[in-house]
Amino acid sequence: MSILVVGLNHKSAPVEVREKLAFNANNMSAALSQFLHRYQTAETVILSTCNRVEMYVSSLEGTLTVEDILSFFADFHKIALNDFSPYMYHYKDDRAVNHLFFVTASLDSMVLGESQILSQVKEAYTTATMEESTGKVMNQLFQQALNVAKIVHTQTSIGKRKVSISSVAVEFAEKIFQDFTGKMVLVVGAGEMCELLLKHLYEEGARTIVVANRTFERAQEIANAFQGQAIKYELLGEYLAKADIIISSTSAPHYVIHADQVKEAIRHRRGNPMFLMDIAVPRDIEPEVAKIDNVYLYNIDDLQSVVSQNVDERTREVEKCRTIVDEEVEHFMARLEEMKIEPAITLLRNHFHAIGKEELDRLKPKLKNIANGDWEQVVYTVERTINKLLHNPAKVAKQEAKNGGGYRYVEIIKKLFGIFHHTDPSQQ
Amino acid sequence: MITLTHIPFVITIVLYLISSIWSIGCIVHPFVFNKKVAKWSMMMGFFIHSGFLVFLGLESSNIPITNVYESFVSLIWCILFVYINLDYLYKLPSLDTFLIPVVTALSIWALTFDGGDLFMNVSLPNFWLIAHIIPIFVGYAAFTISFSLSIMYLTQQRQLKHKLFGPLFNKLPSLEGIDRLMWKTISFGFPLLTLGLVFGMFWVKTQNILGEQWYLDYKVVLGLATWLIYAALLHMRLVSSFHGTKIACLTIAGFCLVLFTFIGTFFMGSKHAFQKMSEQTHEEILNIQ
């Protein structure tokens with residue numbers, strides 16, 4: 001039994017290659033069933049996201065090679081092997097397990113610690129189980145991977161700090177306002193960043209959105225997207241005092257919002273806090289605004305510096321995560337070894353019970369007058385003896401298997417008792 | 001001098017101190033300082049504190065405010081009692097970090113009043129005493145909590161203003177959330193303070209316990225000033241819907257006045273129905289004669 005992963009990701013391959021190998025919801029089932037059709041004893045899960053395409057395969061020792069999987073990719077997507085094989089990586093057994101745990105815990109993601117990959121792995125696994133392409137090994141492997149990701153996320157702060165400008169900005173807004181319902185968001189200018197921020201705020205519950213832009217049509221466009229209201233740019237001053245959150249990103253070469261305007265606004269607001277985000281370069285809001293009581297002003301550099309601090313924080317956590325992953329890989333490999341020996345132990349049990357049954361069948365005709373109750377006692381005693389005899393060897397074999405000696409023990413058991421796998425008639 | 005009977009209160013203080021250290025520590029090193037330790041040592045401290053008050057009450061067969069020390073200990077108990085209930089109702093995140101150290105400091109201060117010379121005139125009737133003291137104490141407790149919330153507000157607003165985004169920044173709730181709680185605690189404490197003062201007024205009028213010139217008693221004057229400052233705060237909030245740092249600063253000022261009214265007046269020579277033990281004994285001797 002071996003585990004193999006073959007795939008590529010954002011680090012190993014450019015998007016032109018990744019998109020050629022990607023699977024989507026429509027062809028995923030077909031891919032899984034085609035693969036199973038080709039390799040009937042194998043188990044497989046395909047993970048396909050925008051950053052990676054990976055195929056996890058488990059098969060009997062030596063029956064499936066990297067080349068087999070590569071050629072499956074080539075055949076399925078109808079592309080030449082040479083077009084993509086230089087970009088592919090592959091790992092086997094413990095390194096494959098390590099890779100999956102690493103990926104699921106989001107330690108291999110483009111944005112370190114993001115949680116999306118966890119749901120993508122979950123989805124890939126669910127699809128595979130629905131197509132019945134998973135078995136004992138893949139089930140264990142993927143359930144454990146999801147589990148490890150959870151452990152990593154709760155025991156370290158890898159995913160705690162926000163690492164995008166818009167999410168950091170929303171986090172700040174949340175430290176000023178308890179909730180965004182009933183809060184007015186005023187957007188000045190209509191840049192892409194503005195939209196992104198607005199989207200985040202909208203998701204968090206902001207519903208009163210006012211957009212002011214030099215070109216009224218563009219303002220209307222954005223306002224419509226968030227069920228907001230577009231206003232003429234000249235009316236900006238009037239709306240200033242009503243706005244709780246102001247996002248500014250005009251391309252004006254001078255300040256658009258001045259300190260005395262904000263001072264006047266805060267007086268009208270009677271100290272109700274105002275949160276201003278200036279994401280324009282050159283800046284839109286006069287820096288003096290920051291000195292006004294109950295006004296909180298952040299510019300693009302402030303937000304960016306928090307983002308890079310948070311990214312650093314995540315990077316520092318990677319070592320801690322790696323230790324957790326390594327430990328869990330070790331546990332999993334031990335369990336896998338234990339799983340390997342289980343069929344051999346079942347064979348051994350069946351073998352012994354078959355011998356017992358044979359002997360009982362021979363005995364029964366000799367004891368013609370035995371009462372039913374007494375005969376049951378005899379059968380019970382024989383079965384109990386067999387179980388007792390096998391208890392310790394099974395226990396010790398499992399124990400030894402955990403330490404990596406599973407394969408050797410399987411062989412010894414088979415040899416000692418003269419039992420062979422029923423699929424292996426040549427040895428009988 | 002700490003007498004043997006006050007050992008339980010000393011244990012209480014130690015528990016509050018542990019709770020303070022852990023509640024601050026869990027912000028900086030959440031993996032080293034467990035928040036549960038902070039909570040449970042506070043609860044245990046509160047439990048012993050309650051037991052100690054019952055003991056004091058049984059000893060003097062009166063509510064435990066028969067001297068300055070006892071009334072201080074009772075007030076601190078009230079603060080925690082109100083806090084525990086508010087926390088249960090509103091789930092106040094990280095407030096313990098700001099409140100328990102205040103409680104601990106007050107407790108240590110209270111200890112210095114042990115063995116003081118001022119005692120209450122035991123002949124004071126119980127009904128008026130309870131009607132006057134209990135609302136005021138619970139009101140003061142609410143004001144102490146609003147004081148802690150103000151400190152919390154100013155800390156968070158400073159962090160936002162100066163862009164200090166440390167672990168404390170992440171733990172504290174939003175400015176608006178703190179502001180609302182501050183408002184809730186003040187509007188809970190104010191009617192109680194009013195009630196206590198009105199009962200007190202009735203009391204002096206009907207029983208003449210503070211003498212003819214009762215209105216010149218420091219505690220009466222300052223009590224009125226406290227009432228005015230909180231009335232002003234409520235007015236600013238209700239009528240002018242004022243928010244922000246100014247309200248927080250005023251709340252802190254209000255609490256300082258509360259402390260001064262409660263304790264400071266004794267340093268100024270006010271007795272406010274307390275008598276010097278020596279005088280009391282002297283009177284008793286005279287009565288016997």
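Residues numbered from 1 in each chain as written. Chains lettered and ligands numbered in written order. Predicted model: local features only at pLDDT ≥ 70, side-chain atom pairs only at ≥ 80, totals over all residues. Heavy atoms only, no water.

This part covers the interface of chain B and chain A. Of the residues lining the interface, 24 residues belong to chain B; the matching set on chain A comes to 25 residues. Where chain B abuts chain A, roughly 2,000 Å² becomes buried across the two surfaces, and 47% of that area is made up of carbon and sulfur atoms. Where chain B touches chain A, the interface holds 2 salt bridges. Among the ionic pairs, K163 of chain B bridges to D302 of chain A, the shortest N-O distance being 3.2 Å. Connecting chain B to chain A are 19 residue pairs in polar contact (both at pLDDT 80 or more). Ranked by residues supplied to the side of chain B that touches chain A, first place goes to helix α5 (residues 126-162) of chain B with 5 residues. (Contact = heavy atoms within 4.5 Å. Buried area = accessible area lost by both parts, 1.4 Å probe. Salt bridge = Lys/Arg side-chain N within 4 Å of Asp/Glu carboxyl O. Polar contact = N/O pair within 3.5 Å; in protein donor to acceptor, adjacent residues only side chain to side chain. Helix = DSSP H or I, 4+ residues; strand = E, 2+ residues; numbered from the N terminus.)

All names here are of chain A. Helix α3 (residues 66-77) packs onto helix α2 (residues 28-38) with a crossing angle of 130° between their chain directions and a minimal axis gap of 11 Å. It follows that α2 is oblique to α3 by the angle criterion. For the crossing formed where α2 meets α3, the hand is right-handed. Taking contact as the criterion, the partners of A30, A31, Q34, F35 and R38 in α2 are, on α3, D68, I69, S71, F72, D75 and F76. Split by residue class, the contact of α2 with α3 holds 6 nonpolar, 2 polar and 3 charged. (Axes fitted to C-alpha atoms, helices over the stretch in contact; angles between N-to-C directions. Parallel < 35°, antiparallel > 145°, perpendicular 65-115°, else oblique. Left-handed = near helix turned anticlockwise from the far one by under 90°. Nonpolar A, V, L, I, M, F, W, Y, C, P; charged D, E, K, R; others polar.)

All names here are of chain A. According to the domain assignment, chain A consists of domain 1 (2-158), domain 2 (165-307) and domain 3 (334-427). On a C-alpha basis, the centroid separation for the pair domain 1 and domain 3 is 38 Å. Contact residues are listed per partner, giving 5 residues for domain 1 and 4 residues for domain 3. Both faces combined, the contact of domain 1 with domain 3 buries some 440 Å², and carbon together with sulfur accounts for 57% of it. For the interface between domain 1 and domain 3, the tally reads 1 salt bridge. Across the salt bridge formed by E342 and K136, the nearest N and O atoms sit 3.3 Å from each other. Tallying contributions element by element places helix α7 (residues 136-155) first for the side of domain 1 that touches domain 3, with 4 residues. (Domains from an automatic or database assignment.)

Looking now at a nonpolar patch on the surface. All names here are of chain A. A contiguous nonpolar surface patch, about 280 Å² in accessible area, is contributed by I412, L416 and F417. In this structure, F417 sits in helix α14 (residues 372-417). Residue class for F417 comes out partly exposed when judged on its relative accessible area of 34%. (Patch = residues over 30% accessible without salt bridge, like charges linked within 9 Å, V, L, I, M, F, W, Y side chains within 5 Å. Areas by Shrake-Rupley, 256 points an atom, 1.4 Å probe, with all protein chains shown as cover. Buried < 20%, exposed > 50% of the residue type's maximum accessible area, 1.4 Å probe, protein only.)

Residues and elements named next belong to chain A. Read across the sheet, 6 strands follow the order β7-β6-β5-β8-β9-β10 without closing on themselves; strand pairing throughout is parallel. A single partner strand is all that each edge strand has here, and the edge strands are β7 (229-232) and β10 (295-299). Strand after strand, the sheet turns through a mean of 20° between neighbouring axes, direction not considered. With 5 bridges connecting them, strand β9 (residues 274-278) and β10 associate as parallel partners. Among the inter-strand pairings, F275 is bridged to a residue of β10, identified as Y296. (Pairing = 2+ DSSP bridges.)

With that out of the way, let us pick up helix α9 (residues 192-203) of chain A. All names here are of chain A. With 12 residues, α9 extends 17 Å between its outermost C-alpha atoms, agreeing within 8% with the 16 Å of an ideal straight helix rising 1.5 Å per residue. Considered for burial, the residues of α9 that qualify are C194, L197, L198, L201 and Y202. An end-on view of α9 places all buried positions within 140° of arc, on one side of the element. Summarising the geometry of α9, the exposed residues directed more than 90 degrees from the buried face are E192 and E203. Phi turns positive, to about 115°, at G205, one or two residues after α9. (Expected span 1.5 Å × (residues − 1). Arc of directions from axis to C-beta.)

Residue and element names in this part refer to chain A. Note on placement: M193 falls in helix α9. As for M193 and V325, which are separated by 132 residues in sequence, their C-alpha atoms are 36 Å apart. Excluding residues within four positions of it along the chain, M193 makes contact with I165, S166 and I279.

With that out of the way, let us pick up the pattern of salt bridges. Residue and element names in this part refer to chain A. Following the criterion strictly, the structure yields 21 salt bridges over all chains and no others. The partner of E288 in a salt bridge is K291, and the shortest N-O contact between them spans 3.5 Å. Assessed through its relative accessible area of 41%, E288 is described here as partly exposed. With relative accessibility at 64%, the residue K291 sits in the exposed group.

Take the packing of aromatic side chains next. Residues and elements named next belong to chain A. Enumeration over the complete set of coordinates arrives at 32 aromatic pairs over all chains. Ring geometry for F23 against F76: centres 5.5 Å apart, planes inclined by 35°, an arrangement best described as tilted. Taken together, the residues span a long stretch of sequence, with F23 in the loop between α1 (15-21) and α2 and F76 in helix α3 at a distance of 53 residues. As far as the burial class goes, F23 and F76 line up, both buried. (Phe/Tyr/Trp six-rings, centres within 6.5 Å; stacked < 30°, edge-to-face > 60°.)

Residue and element names in this part refer to chain B. Here the domain parsing of chain B yields domain 1 (1-124) and domain 2 (133-272). Contacts between the two partners involve 28 residues from domain 1, matched on the other side by 30 residues from domain 2. Each partner contributes to the roughly 2,500 Å² buried at the junction of domain 1 and domain 2, and carbon and sulfur atoms together form 90% of this total. Broken down residue by residue, the surface that domain 1 buries against domain 2 is led by I27, L75 and F98, which jointly contribute 23%.

Residues and elements named next belong to chain A. With 5 of its 6 residues buried, strand β2 (residues 43-48) lies for the most part within the structure. In terms of strand pairing, β2 meets strand β3 (residues 52-59) through 6 bridges, oriented antiparallel. Directly across from S48, in β3, lies its bridge partner V53. Turn length for the β2-β3 hairpin, with the two strands adjacent in sequence and antiparallel, is 3 residues.

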